[in-house]
Amino acid sequence: MTIDMSQGNFTRNIPEIIEGAVKAFHETPMPLSACLKLRRLLSEQQSCPDLLMPIPGKTIGLGEQLTSQKLQSILKGIRLGEWSLDVETIEFLFVDIAKRQPKAILEFGSGVSTIVLAQAMAALYPTASSPVVYSIEQDVSHINNTIELLEKYQLAKFVKIFHAPLGLQVLDQISTNCCLLPMSELQSFLGNIQIDFLLIDGPAANYGERIGTLLLVQSLLKPGAVVYMDDGLRDSELAITEWWSRYGYLEVEGILWIGKGLMVGRIPHQPLTQYSYAREFLTWIGRESQGEQSNDLLSLPTQFVSQYINENYVENVKGHTGVQVENQIIRSSRNTKARCVFLNTYYPGFLEAHYSKALDLHSRSYQAQKDSLQTEYFGDSNFYSHALIQSGWEAHDLIVNCASLQQAWALEKNIAGQGLEIAVEQIKEIAPDVIYLQDLNLATSAFISAIRPLTKLIVGQIASKVPSQIDLKQFDILFSSFPHFVNEFRKMGISAYYQPLAFDPRVIQEHMQTKRTHDVTFVGSISADHSRRMEFLEQLQGAVAFKCWGYQMSPLTPDSRMYRQYCGEAWGKEMFALLQDSFITLNYHVDVAENYANNMRLFEATGCGALLITDYKENLQDLFDVGREVVAYRSIEEGAELIRFYLHHQDEAKRIAQAGQARTLRDHTYSIRMAQTAEILDRHLRYQRESADLSSSDLSRISYGYETIENSQITVSMKNAWKDQSIPGKQRALVQTELRAMYSGRSPLVFDVLADCLRPYVISNSSILEIGCASGYYYEVLEYLLKKRISYTGVDYSDPLILMAKDYYPSADFYVADGACLPFEDNQFHVAISSCILLHVPEYYEHIRETARVAQNFIVVHRTPVCKQHPTQYFRKYAYGVETVELRFNEKKILEEFFDVGFSLIHALEYASVPDSDHYDVTYVFRKTPQSI
């Protein structure tokens, strides 16, 4: 076909014009200005995007159509030219690479293009000892598929792939969404390679968002390097090409009319540096002329931004991976306190009694009524919110079943409604990050549906029978003082935390006790949920008389012993005053507690200084030193004997009561509990914010490429591999995946293994050192799985990992240190964990000696690869793309090393084994031998 151009007639159909351009510029690039001119002229006939692009479907072909027999066999049956490179473009690039003979190729976007580039470079450099194709890809699944093909056809050694998710950033004062690719990571990825061939076939993004690709890598491209961009005839790519040309990034040769269009350009031999006067001048022109488009220029959805924003952004992303960039930006942008609203209900009996004492209370303001209620210290009053505020949060209480109080708020706000309708409006006004329900009976499907859009996390707390009508899976997090409840909730896939109840010292300042006027008391409730308690107390009254105060006493009959000793209700301040006036007070847990100590009376009684005599539970020793801080009975007879004994040995009773009070004020206050709660809620809010941006880990590229070597072949760089700045973000992405699984009730095996090994030897606040702590995530894991607070210290020789650890876990202690030279005292830690570190340390015996020095009682060597028949083996491998060393120890030899430093093996948990290969993965627990102490 020929086009009659003599008369300048452009009133022809568009397909004919495109066909003519293809014929004219199939081998020689069409100048960009001509492409843009043609695009404008065609738009006068038809207004739609991508007028120059071929008709959809015209570029689609199959791998069998390729000329190269090798490519035919690799890409057989694969559709080309739809989302991937088309047949024609592949043929061109394959021949072009053979002619140009580039030393190294960089591409944006992996897949078919990676296979083509790898095969072309393999033909040029069949004996290459390092990668010659470097690929940057946003999608992990594409990476996995590409790696699978590369390995299948023995091309993997020629290629190195970097996962870079997309994110909003500022590049040369242009705001765009592009690969999160900090320079430090890019330099680590490429090493000393200078790229002389760049192919842009990604990222897959919105209009104009490939604009950042060249800006990201420009400083690492060799002057004169060839640059190709696929989809070159698409409006988006035409606009990008014009922008690059206009601002001196690229010398554009034009567009080849093959496939979907292939933009051809070169890096200028004297490229403009980012901070040159010429670049500043061009940027100024661009900013001043923004919105003024020439006839030939297509628009881009980018915005010039002020220099100070650019500087702030650069400061945030300096030295971080894509994952960390998002973390840094999110944290720096949050200037306000996190906000929590607690939803409470008060016993109707208390509300009735309280309002009857002040007849005008109904008519007072909302705040006056609320203050009047909370100053009585009923139930948990404002104990939670007061303590959470101390931890840096903003906190509010709603007493949602107090009709008078709620109606006062509605009246003041001119809002119609009643019951929980008012609570919904209050929540809207507060706009909390967290809604914390302290009564799960509130959690109807209708109410949760109403509040779900108003918050980020819905949290529940329960220490009573679970309401049958409530779906617990509506909650993001559940807290319970029942360990067995926590286990059940986790089996249901719910994030659940064990947290004992607590005491607020403010109550003892309200009533300064001078003399304990009651010898023995019981203060509490007796209801249908307390059948065993009622039976026990009734029988105990037959052996030892004691006074009783409480509520819900309806099960008592006039002829019962308890009824005759009943002194009436005791709420709030009055209850705390009674406990301060009691020499001995009794406790018996609710039936649903089963064999676990958990109730408020444990802490209220000890906090008020009474001697607590309570029913024995299996976890009581975790809370108090039984016999020194509290007294426990196992039967009615033993309970009666203990009461009589301590009434006759009052000095000893006082010592125990004082020790119990000291323990509660030290370890069991609401301030302590809510500091932990704040840490947990902050963590889950952070993970929720990051969830959309955190990439899935490429599980095939975590640990791969094993090659047997000799000890003498281990290099310094292999030993220092884990200091590489590219590792923290990649490893943390994997960690986040594992943590999500743990919080969903599917704890990773290695998490469970370590927790199971530690569980028999760790009590609350045990001092634990982790050597090789990485980003510190085992602090979070162990507290969650062990259901205990621990005193955790982490050590790693990587500055970037420790920086990340401090960011994620500010309440733990972290140090940059070598495991062979630890900055701690002898016997400083109850347990020292060597955490998957010895296998990367050729001088492992030095680490073992140091670990033994700082461990007081136990050493846990976690995730240890061993063989039972062969001698210790050495491997070169890649971890997260970085070359490192790994050892597989002869088991007998490694155990002897620990015996030599005074530790004996007490437990070994083998969690993976391949006997045919003599490969085993084991976690070992050692105890310091008596002669070593």
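Rules behind the numbers
- Residues numbered from 1 in each chain as written.
- Predicted model: local features only at pLDDT ≥ 70, side-chain atom pairs only at ≥ 80, totals over all residues.
- Heavy atoms only, no water.
- Helix = DSSP H or I, 4+ residues; strand = E, 2+ residues; numbered from the N terminus.
- Buried < 20%, exposed > 50% of the residue type's maximum accessible area, 1.4 Å probe, protein only.
- Contact = heavy atoms within 4.5 Å.
- Areas by Shrake-Rupley, 256 points an atom, 1.4 Å probe, with all protein chains shown as cover.
- Pairing = 2+ DSSP bridges.
- Axes fitted to C-alpha atoms, helices over the stretch in contact; angles between N-to-C directions.
- Left-handed = near helix turned anticlockwise from the far one by under 90°.
- Nonpolar A, V, L, I, M, F, W, Y, C, P; charged D, E, K, R; others polar.
- Salt bridge = Lys/Arg side-chain N within 4 Å of Asp/Glu carboxyl O.
- Core = buried A, V, L, I, M, F, W, Y, C linked by side-chain atoms within 4.5 Å.
- Phe/Tyr/Trp six-rings, centres within 6.5 Å; stacked < 30°, edge-to-face > 60°.
- Polar contact = N/O pair within 3.5 Å; in protein donor to acceptor, adjacent residues only side chain to side chain.
- pLDDT = per-residue confidence, 0-100.

Trainee: Tell me about the overall build of the protein chain, residues and numbers included.
Mentor: Across its full length, the protein chain carries 35 helices and 33 strands. Looking at the protein chain residue by residue over its 933 residues, the buried ones come to 56%. Look at the contacts in the protein chain between residues 6 or more apart in sequence, and 70% of them connect residues 24 or more apart. Carbon and sulfur atoms provide 50% of the accessible area of the protein chain, an area that totals close to 39800 Å².

Trainee: Now, about the sheet that holds strand β15 (residues 434-437): what can you tell me, with residues and values included?
Mentor: Taking strand neighbours across the sheet as the criterion, the six strands line up as β14-β13-β15-β16-β17-β18 in an open arrangement whose pairing is parallel. Looking at which strands have only one partner, the edges of the open sheet turn out to be β14 (394-399) and β18 (495-498). Direction aside, the axes of adjacent strands within the sheet are offset by 20° on average. Bridge analysis of strand β17 (residues 477-480) against β18 gives four bridges, and the strand direction is parallel. Across the sheet, residue L478 finds its bridge partner in β18, namely A496.

Trainee: Residue-level account of the packing of helix α34 (residues 844-854) against helix α35 (residues 891-900), with values.
Mentor: One can describe the packing of α34 onto α35 by two numbers: an axis separation of 9 Å at closest approach and a directional angle of 35°. Where α34 crosses over α35, the handedness of that crossing is right-handed. Across the interface between the two elements, Y844, Y845 and I848 of α34 pack against K893, I894, E897 and F898 of α35. Among the residues making up the contact of α34 with α35, the classes are represented as five nonpolar, no polar and two charged.

Trainee: Pulling in residues and values, what's your account of the pattern of salt bridges?
Mentor: Taken as a whole and judged by the stated rule, the model has 40 salt bridges. Linking R100 and D96 is a salt bridge whose minimum nitrogen-to-oxygen distance equals 2.7 Å. Pair noted here: R100 and D96 are both in helix α4 (residues 87-100), with a separation of four residues, about one helical turn. Taking relative accessible area as the criterion, D96 reaches 5% and is therefore assigned buried. The salt bridge partner of D231 is K260, with a shortest N-O separation of 3.6 Å. One end of the pair, D231, is in the loop between β9 (221-230) and α9 (235-246); the other, K260, is in the loop between β10 (251-256) and β11 (262-266), and 29 residues separate them in sequence. Take D231: its relative accessible area is 6%, and that puts it in the buried class. Here the salt bridges do not stand alone but share partners, grouping R210, D230, D231, R234, E237 and K260 into one network.

Trainee: How would you summarise the pairing of strand β19 (residues 518-525) if you had to cite specific residues and measurements?
Mentor: On a regular strand, one side chain projects to one face of the sheet and the next to the other, so that they alternate. With six of eight residues buried, β19 lies mostly within the body of the structure. Bridge count between β19 and strand β21 (residues 582-587): four bridges; the pairing is parallel. Each bridged residue has a counterpart across the sheet, and for F522 the counterpart in β21 is L586. As paired strands, β19 and strand β20 (residues 547-551) are joined by five bridges and run parallel to one another. For G524, the partnering residue across the bridge sits in β20 and is G550.

Trainee: Describe the nonpolar core, naming the residues involved and giving the relevant values.
Mentor: Counting 136 residues, the largest nonpolar core has L343 and L437 as its most contacted members. Here this core gets eight residues from one element, more than from any other, and that element is helix α32 (residues 777-786). L437 has contacts with L343, L442, A443, I448, I458, V459, G460, Q461 and F475, leaving out every residue within four places of it along the chain. If you look at the next biggest cluster of nonpolar residues, it comprises 53 residues, including L106, C179, L186 and F189.

Trainee: Describe the packing of aromatic side chains, listing the residues and the values that go with them.
Mentor: Applying the stated criterion to the full structure yields 49 aromatic pairs. Residues Y815 and F824 carry aromatic rings whose centres are separated by 5.4 Å and whose planes lie at 80° to one another, so their mutual orientation is edge-to-face. Its relative accessible area of 37% is what places Y815 among the partly exposed residues. For F824, a relative accessible area of 9% corresponds to the buried category. Summarising the aromatic geometry, the rings of F898 and F926 are spaced 4.3 Å apart at their centres and angled 15° between planes, so their arrangement reads as stacked. With F898 in helix α35 and F926 in strand β33 (residues 919-928), the pair connects residues that are 28 residues apart, well separated along the chain.

Trainee: Let's hear about unusual backbone geometry: which residues, and what values?
Mentor: The omega torsion across G202 and P203 is 0°, close enough to zero to call that bond cis. Relative to the helices and strands, P203 is located in the loop between β8 (195-200) and α8 (211-217). The residue Q154 is not glycine, and still its phi comes out positive at about 55°. Residue A774 is not a glycine yet carries a positive backbone phi of 55°. On the secondary structure map, A774 appears in the loop between β25 (767-771) and α32.

Trainee: For the side chain of E107, give the residues involved together with the corresponding values.
Mentor: You can see E107 is positioned in strand β3 (residues 105-108). A polar contact of 3.0 Å, which involves the side chain of E107, links it to the side chain of S135. With sequence-adjacent residues up to four places away left out, E107 is seen in contact with S113, T114, L117, Y134, S135, I136 and L199.

Trainee: Pulling in residues and values, what's your account of α32?
Mentor: Most of α32 is tucked away: ten of the ten residues are buried. When α32 is considered as a whole, its buried residues turn out to be Y777, Y778, Y779, E780, V781, L782, E783, Y784, L785 and L786. Once α32 ends, the next one or two residues include K787, with phi positive near 60°.

Trainee: Any chance you could break down the confidence of the model for the protein chain for me, citing the residues and the numbers?
Mentor: With 89% of its residues at a pLDDT of 70 or more, the protein chain shows a mean pLDDT of 87. Taken as a whole, residues 306-335 scores under 50 in pLDDT and shows 51 contacts with residues more than four places along the chain or in a different chain.

Trainee: So what about the environment of M534? Which residues, and what values?
Mentor: With respect to the secondary-structure elements, M534 resides in helix α21 (residues 531-541). Look at M534 and you get partly exposed, because its relative accessible area is 23%. Considered as a pair, M534 and Y588 are 54 residues apart in the sequence and their alpha carbons are 9.1 Å apart.

Trainee: Give a detailed account of the environment of R601, specifying residues and quantitative values.
Mentor: Positionally, R601 belongs in helix α24 (residues 600-607). Sequence-wise, R601 and V523 are 78 residues apart; in three dimensions their C-alpha atoms are separated by 8.5 Å.

Trainee: Break down the sheet that holds β21 for me, citing the residues and quoting the values.
Mentor: Strands in a sheet are paired, the pairing made by backbone hydrogen bonds, and the direction either parallel or antiparallel. The strand order across the open sheet built from five strands is β20-β19-β21-β22-β23, with neighbouring strands paired in parallel fashion. Two strands bound the open sheet, and with one partner strand each, they are β20 and β23 (631-633). Taken pair by pair, the neighbouring strands of this sheet meet at an average axis angle of 25°, ignoring direction. Pairing analysis gives four bridges linking β21 to strand β22 (residues 611-615), with the strands arranged parallel. The partner of T585 across the bridge, within β22, is L612. Along the sheet, helix α26 (residues 636-648) contacts β19, β21, β22 and β23; its crossing angle with β23, the most-contacted strand, is approximately 150°.

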